[in-house]
Amino acid sequence: MNTLKVGVLLVALTALFIFVGDAVGGRGGAMIAFALALVMNLVSYWFSDKIVLGMYGARALSPTDAPDLYRLVERLSERAGIPVPRLYVVPGEQPNAFATGRDPAHAAVAVTAGLLHLLDTEEVEGVLAHEIAHIKHRDTLTMTVVATIAGAVMLLADMARWAMIFGGARSDDREGNNPLVYLLIMIVAPIAAMLIQLAISRAREYEADATGAKLAGSPDGLISALRKLEQASRMIPMQASPSTAHMFIVNPLRGMGGTLMSLFMTHPPIEERVRRLQQMRGSEWYLGG
């Protein structure tokens, strides 16, 4: 299902680029946009994880740098039945984490310095288990591709803005340049970016929470971690791109309160995630040994 979803998203990206290219530059613009879309598709698949890690200045950790952290990752990976992912630390005081990579054999888990300072061992294990669950479910390819696509869609809005300012170059447009087309693209592109992120169902977070709790052997560490992370994310700002916000275990962006805005959040409410995890207590679901 995730492979199909990625394919649909890549096709949608290509179609969107061609549409905007045609609106801005006519047939020639459409051809250029098609070529750019092909390049973007290849980059999204092969290099999106490196792009996201680079965006946040993530530094690779070796087993000698963080032996306890590596032992946790190795144990959880063994229980999940996947190769041990690469481990990175992101500078910054907001506690958060994300996983990336096109498949379990090329996966990475990144945690912020603030997370390592705030959480205890059980809570860190819960967070790592959640991220490894994403890798096990092969969510990470979809998540990283969507991050690239959402950024590209925002770039389209900028293209339309500059085209409207300087005038388009539609040599094959019998009706001439239409500023309303550019204005429409400027309005629709950010909405499209949001919808692309929402295409990654919030259900994947619930699934990663449940599988992570099973991998850790208890939901308690993840429950405690989510509560701390939610509170800290509201108090400590993070220079995060909206196009990658969906990748983090909790939303790194502030100011998203309110019932209406919650409908457009890429993460389900922490209270609901905690409630579902609490229901797992006492059940026969433990994975591993």
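For the structure itself, consult the block above.
The structure displayed is predicted, hence computed values, not measured ones.

*Asks:* Would you mind showing me how to read the packing of helix H8 (residues 220-235) against helix H10 (residues 270-278) here?
*Replies:* Helix-helix packing: each pair is described by the crossing angle between the helix axes and the interaxial distance. For the pair H8 and H10, the least separation of the axes is 10 Å and the interaxial angle reads 170°. As far as their axial angle goes, H10 and H8 are roughly antiparallel. In contact with Leu222, Ile223, Leu226, Arg227 and Glu230 of H8, H10 contributes Ile270, Arg273, Val274, Leu277 and Gln278. Looking at the contact of H8 with H10 residue by residue, the classes come out as six nonpolar, one polar and three charged.

*Asks:* What should I look at first to understand the packing of aromatic side chains in this one?
*Replies:* Two descriptors summarise a pair of aromatic rings, namely the distance from one centre to the other and the angle between the planes of the rings. Evaluation of the coordinates by the stated rule reveals three aromatic pairs. A centroid spacing of 6.1 Å and a plane angle of 55° characterise the contact between Tyr56 and Phe98, whose relative ring orientation is tilted. Pair noted here: Tyr56 is in the loop between helix H1 (2-55) and strand E1 (59-61) and Phe98 is in strand E3 (residues 97-100), with a separation of 42 residues, a long-range link. Overall, the relative accessible area of 9% leaves Tyr56 in the buried class. Given the relative accessible area of 2%, Phe98 is considered buried.

*Asks:* I would appreciate a short explanation of the nonpolar core in the present structure.
*Replies:* Side chains that are nonpolar tend, in soluble globular proteins, to be buried together. With 39 residues, the main nonpolar core has Leu69, Leu115, Val127, Leu128, Leu226 and Ile249 as its most contacted residues. Setting aside chain neighbours within four positions, we find Leu115 in contact with Pro95, Asn96, Ala97, Val124, Val127 and Leu229. Membership of the second largest hydrophobic core comes to 14 residues, among which are Val52, Ala58, Val90 and Met238.

*Asks:* Teacher, can you tell me more about the sheet that holds strand E4 (residues 108-112) here?
*Replies:* Where strands meet in a sheet, backbone hydrogen bonds hold them as pairs that are either parallel or antiparallel. Overall, mixed pairing links the four strands, which are arranged E1-E2-E4-E3 in an open sheet. Two strands close off the open sheet at either side, each with one partner strand: E1 and E3. Going across the sheet, the axis of each strand differs from the next one's by a mean of 30°, ignoring polarity. Here strand E2 (residues 86-90) pairs with E4 via five bridges, running parallel. Bridging from a neighbouring strand, Arg86 pairs with Ala108 of E4. Most of the contacts of helix H2 (residues 67-80) go to E2, to which it runs at about 135°, and overall it touches E1, E2 and E4.

Scoring rules and cut-offs
Residues numbered from 1 in each chain as written. Predicted model: local features only at pLDDT ≥ 70, side-chain atom pairs only at ≥ 80, totals over all residues. Heavy atoms only, no water. Axes fitted to C-alpha atoms, helices over the stretch in contact; angles between N-to-C directions. Helix = DSSP H or I, 4+ residues; strand = E, 2+ residues; numbered from the N terminus. Parallel < 35°, antiparallel > 145°, perpendicular 65-115°, else oblique. Contact = heavy atoms within 4.5 Å. Nonpolar A, V, L, I, M, F, W, Y, C, P; charged D, E, K, R; others polar. Phe/Tyr/Trp six-rings, centres within 6.5 Å; stacked < 30°, edge-to-face > 60°. Buried < 20%, exposed > 50% of the residue type's maximum accessible area, 1.4 Å probe, protein only. Core = buried A, V, L, I, M, F, W, Y, C linked by side-chain atoms within 4.5 Å. Pairing = 2+ DSSP bridges.

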